[in-house]
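What the coordinates show
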Amino acid sequence: MKLSIKIMTAVAMTAMVLGGAISSSAQETNEEWISLYDGQTLNDWQASENPETFSVEDGLIKVDGPRAHLFYAGPVADHDFKNFEFKADVKTTEGSNSGIYFHTEYQEEGWPEKGYEVQVNNTHDDPRKTASLYAIEDVMNDAPAKDGEWFTLHIKVQDKDVTVNMDGETFIEYTEPEEVDREGRVLDSGTFALQGHDPESVVYYKNIKVKPLD
């Protein structure tokens, strides 16, 4: 009986130690990702030209209105990212168009002139579809995601390499040439921006996170 109790105690203690190690490891993994959106407000974000396009609805960033861009302007990395991994959950509606810019900077009007855009478009008439590195390497005509369903875009930038992944599948692996003749559209550093494309484009974002790699 005593031997049985000792064995049970040893097993329980081992489980506690292993459980603690696993929990600690999981926590460390989670801590590598930093949230850029608090789920309640647009604090740390700055909207251009038509700020009313962006709002918070049921914990989601809702994009609904005329052209505008919502730039991250918060304290993480002083909103200046070079090498990073970025994730966001996205849900489109019928005919909507949006995008996620990186290595960009705030500008008051117009389409961002600096940085690259990862396309968000499942049924808009633009043939460049979701997961495209817009006008650089494109997913043409057939979108890999569906309107009304959440999907996760995962963007990784490491030096001259850009990878765009959606729901665990890699769609873009792009290496920028050493000499690129594209004003503004080059890998450098900068912030992120969510795009409000037009008044018919209603899109939702949540779980916006970054993992700096510098």
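What this report covers is the structure whose coordinates are included nearby. Since the structure is predicted, the reported quantities are computational estimates derived from the model, not experimental observations.

**Focus: the layout of surface pockets**
- The computed volume of the largest pocket comes to approximately 180 Å³.
- A class-by-class count of the residues in the lining of the largest pocket yields three nonpolar, four polar and three charged.

**Some details on the sheet that holds strand S8 (residues 116-120)**
- Taken together, five strands build an open sheet; the order of strands is S2-S5-S12-S7-S8 and the sheet is antiparallel. Looking at strand neighbours, the two that pair on one side only are strand S2 (45-47) and S8, the edges of this open sheet. When strand polarity is set aside, the average angle formed by the axes of neighbouring strands in this sheet is 20°.
- Sheet topology places S2 next to strand S5 (residues 68-72); three bridges connect them, and they run antiparallel. Bridge assignment links Ala 47 to a residue of S5, and that residue is Leu 70.

**Side note on the pairing of S8**
- Of all the five residues making up S8, five are buried; the element is thus mostly covered by neighbouring parts of the structure.
- What you see with S8 is no split at all: Tyr 116, Val 118 and Val 120 on one side and Glu 117 and Gln 119 on the other are buried throughout.
- One ladder, built from five bridges, connects strand S7 (residues 98-104) with S8; its direction is antiparallel. Residue pairing for S8: Ile 100 is matched across the bridge by Val 118.

**Some details on the pattern of salt bridges**
- On inspection of all chains with the given rule, the structure shows eight salt bridges.
- Here Glu 57 ties to Lys 62 by a salt bridge, and the two come within 3.3 Å at their closest N and O atoms.
- Taking relative accessible area as the criterion, Lys 62 reaches 16% and is therefore assigned buried.
- The salt bridge partner of Asp 138 is Arg 128, with a shortest N-O separation of 2.9 Å. Note that Asp 138 is positioned in the loop between S8 and strand S9 (151-158) and Arg 128 in the loop between S8 and S9, a separation of 10 residues in sequence.

**Quick look at the nonpolar core**
- Counting 41 residues, the largest nonpolar core has Leu 36, Phe 84, Phe 86, Phe 102, Leu 153, Tyr 205 and Ile 208 as the members making the most contacts within it.
- Not counting residues up to four positions away in its chain, the partners in contact with Phe 84 are Phe 102, His 103, Ile 155, Lys 156, Val 157, Phe 192, Val 210, Lys 211, Pro 212 and Leu 213.

Conventions adopted
Residues numbered from 1 in each chain as written. Predicted model: local features only at pLDDT ≥ 70, side-chain atom pairs only at ≥ 80, totals over all residues. Heavy atoms only, no water. 1 Å grid on protein atoms, 1.4 Å probe; cavity = no way out; pocket = protein on both sides within 12 Å on 5 of 7 lines; lining within 4 Å. Points joined across faces, edges and corners; volume = space filled by probe spheres on them. Nonpolar A, V, L, I, M, F, W, Y, C, P; charged D, E, K, R; others polar. Pairing = 2+ DSSP bridges. Helix = DSSP H or I, 4+ residues; strand = E, 2+ residues; numbered from the N terminus. Axes fitted to C-alpha atoms, helices over the stretch in contact; angles between N-to-C directions. Buried < 20%, exposed > 50% of the residue type's maximum accessible area, 1.4 Å probe, protein only. Salt bridge = Lys/Arg side-chain N within 4 Å of Asp/Glu carboxyl O. Core = buried A, V, L, I, M, F, W, Y, C linked by side-chain atoms within 4.5 Å. Contact = heavy atoms within 4.5 Å.

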